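# Tertiary structure, described
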Amino acid sequence: TPAGDLATQILLALDTESPLLSSAAFPTIPSTEVKGALDRLASRDMVKYETIDREEAILEPEGEQIAANGSHEARVFEALRTAVEGLTIQELEEAIGDKNVVKIGQGRAFREKWISKTTDGKFKAAKESIKDTTKEQMQTIQSTKSHPDAKMLADLKKRKLVRTQKIISFNIQKGDKFALKIPEVATDLTADMIASGSWKSATFKGYNFKALGADQQPGALHPLNKVRSELRQIFFEMGFQEMSTDKFVESGFWNFDALFVPQQHPARDMQDTFYVSDPKEAEMPRGEDPSDTADYKTYWDNVKDVHQEGKYGSIGYRYPWSGDESKKLVLRTHTTAISANMLYKLAQQKGPDGRPPPARYFSIDRVFRNETVDATHLAEFHQVEGVIADYNLTLGGLMEFMDIFFGKMGITDLKYKCAYNPYTEPSMEIFSYHKGLGKLVEIGNSGMFRAEMLESMGLPKDMRVFGWGLSLERPTMIKYGISNIRELLGHKVDLNFMRNSPAVRLDKE
Ligand code: PHE
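A brief look at the structure comes next. (Residues numbered from 1 in each chain as written. Predicted model: local features only at pLDDT ≥ 70, side-chain atom pairs only at ≥ 80, totals over all residues. Heavy atoms only, no water.)

Here we take up the overall build of the protein. On a plain count of helices and strands, the protein comes out with 19 helices and 14 strands. Going through the 509 residues of the protein one by one, you find that 41% of them count as buried. The contacts in the protein between residues at least 6 apart in sequence include a share of 69% that link residues at least 24 apart. Put simply, the protein shows about 28600 Å² of open surface, and 52% of that area lies on carbon and sulfur atoms. (Helix = DSSP H or I, 4+ residues; strand = E, 2+ residues; numbered from the N terminus. Buried < 20%, exposed > 50% of the residue type's maximum accessible area, 1.4 Å probe, protein only. Contact = heavy atoms within 4.5 Å. Areas by Shrake-Rupley, 256 points an atom, 1.4 Å probe, with all protein chains shown as cover.)

This part takes up the layout of surface pockets. The volume enclosed by the largest pocket comes to roughly 1500 Å³. In terms of lining residues, the largest pocket is bounded by 50 residues, among which Arg369, Phe381, Gln383, Glu442 and Ser471 are the most central. Counting only elements with at least two residues in the lining of the largest pocket, the list comes to β10 (380–391), β11 (414–421), β12 (424–434), β13 (439–449), β14 (463–471) and α18 (473–480). In terms of residue count, β13 provides more of the lining of the largest pocket than any other element does, 10 residues in total. Class assignment of the residues belonging to the lining of the largest pocket gives a composition of 21 nonpolar, 20 polar and 9 charged. Here the second largest pocket is characterised by a volume of approximately 420 Å³. Lining the second largest pocket are 13 residues, with Ser43, Arg44, Val185, Lys205 and Gly206 positioned closest to its centre. For the lining of the second largest pocket, the per-class residue count stands at 5 nonpolar, 4 polar and 4 charged. (1 Å grid on protein atoms, 1.4 Å probe; cavity = no way out; pocket = protein on both sides within 12 Å on 5 of 7 lines; lining within 4 Å. Points joined across faces, edges and corners; volume = space filled by probe spheres on them. Nonpolar A, V, L, I, M, F, W, Y, C, P; charged D, E, K, R; others polar.)

This paragraph deals with the side chain of Ser251. Note that Ser251 resides in strand β7 (residues 249–251). Owing to a relative accessible area of 10%, Ser251 belongs among the buried residues under this scheme. Not counting chain neighbours up to four residues away, the residues in contact with Ser251 comprise Ala282, Ser326, Lys328, Leu329 and Val330.

Taken together, the neighbourhood of the ligand is formed by 14 residues, with His334, Thr336, Arg369, Gln383 and Tyr423 sitting nearest. The side chain of His334 places a nitrogen or oxygen atom 3.2 Å from a nitrogen atom of the ligand. Gln383 is positioned with one of its side-chain polar atoms (N or O) 2.8 Å from an oxygen atom of the ligand. When isolated, the ligand has an accessible area of 320 Å², and the protein chains bury 91% of it. Cavity membership is defined here by more than half of the atoms lying within 2 Å of grid points; on that basis the ligand lies in the largest pocket. Contributions of two or more residues to the shell around the ligand are made by β10, β13 and β14. Taken together, the residues that form the shell around the ligand break down as 3 nonpolar, 9 polar and 2 charged. (Near = heavy atom within 4 Å. Polar contact = N/O pair within 3.5 Å; in protein donor to acceptor, adjacent residues only side chain to side chain. Sits in = over half its atoms within 2 Å of the grid points.)

Before going further, it helps to examine a negative patch on the surface. On the surface, Asp269, Asp272, Glu371 and Asp374 cluster together into a patch of negative charge. Residue Asp374 is classed as partly exposed on the basis of its relative accessible area of 33%. (Patch = residues over 30% accessible without salt bridge, like charges linked within 9 Å, V, L, I, M, F, W, Y side chains within 5 Å. Salt bridge = Lys/Arg side-chain N within 4 Å of Asp/Glu carboxyl O. Lys, Arg positive; Asp, Glu negative; His and termini not counted. Charge placed at Lys NZ, Arg CZ, Asp CG, Glu CD.)

Moving on to helix α9 (residues 150–158). Regarding α9, its N-cap is Asp149, as a side-chain oxygen of that residue lies 2.9 Å from the backbone nitrogen of Lys151 further along. Backbone geometry just after α9 places Lys160 at a positive phi near 60 degrees.

Spelled out as structure tokens, the structure:
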């Protein structure tokens, strides 16, 4: 390596001359490189060195010109010295060939009393000879790179003839273990060394306890996945079962109709929902597993009836319900489609008392909406969803559960606001006060599923179901201080952002 070469060069140079000044011995090598090589040698006690900071004076172009041709005032004097009659300003300019030199030079020459004016207004020399000290100074600086008089140097700098520059050099001396070559050091004690006995005379490299380990470039979980795993943990410790979310495409039946979303609902517009063009249509709802012998046809008819005519004490929406509309394939707009499917399966189960047993389900996965993409919206995001089915649940129970659930995420002091979902009644939006933003922010949506939905499935009247949903992105952005969702998800995400995001956050905000 070049540093190795330089270290050897330093040793060779020191052998003939010690102490050695680096700026003299290696004038063209940058001081950082010299220092690197010196540190290597000094760590082995092969050299000692001290750092010398000094200012170097360098001529500016005008200073160079003066060093070569003399000062402006001297040139003016020189031109006049031989002209016995004196010269007019034009003649002087012609003789010197530089108007600027004449302009500055004659002023200074007058002040030095080197020249005077004749009665007819011409310039003439006022002395036999002069001493051009400025030229001498420039020449000294040129050869020594310094000026003995600090005040004069400052004056020359002000006149823009000279500038100074900080130079770092090193005064190098032989160290206690000076040698012409860097000795080989053993890094490991090997079996061979023990067998041959060479370990007795070997020099071992010392441990460097300050060395940083090599960067292992480990894989890293995306912050969304980190928050997702925290949430899964909360669900599991509260006795929830994870729903399978491997179907991104659902039929309108599961995504909307089963949830009592009328077929005219704006959420079902193409502007809001992505429809699949190939294949366009789903089959009739059915169990995926051959052991699932549930009567999906009766369920389908119940859904149709409850929308069209009303049933289970509901007057329904009273519109002609379309089976074709229900079979349209969509990218699921919420994971509540899966909850509907799971609740239908629950309705088929028989517990010890012959009735569907209480259940707690959750899922965290991707959903799709036809949104205009901006700083806070993407066309796809992740939804956290939970449902609790049990007998005689109340709205107060839902609120208490929310306090516990969000409390485990560090979100407290919840506020509730009446809301509307076609599938829940009552419905409540959940808010929490965000200290950073200084205002209430919506963190989720919730409600108790409607009888129209649950009874169509065959669930008993006294079985009530809580449901709630929130986005995974909202808490992740708050926890990781991200203001633009595109920094979190999509093609603009910086891979370093993932690597550098902490795996463990000690705050719970
Ligand atoms: N599906 C709702 C949403 O997308 C969330 C929700 C789930 C609300 C269950 C109530 C019950 O916002």
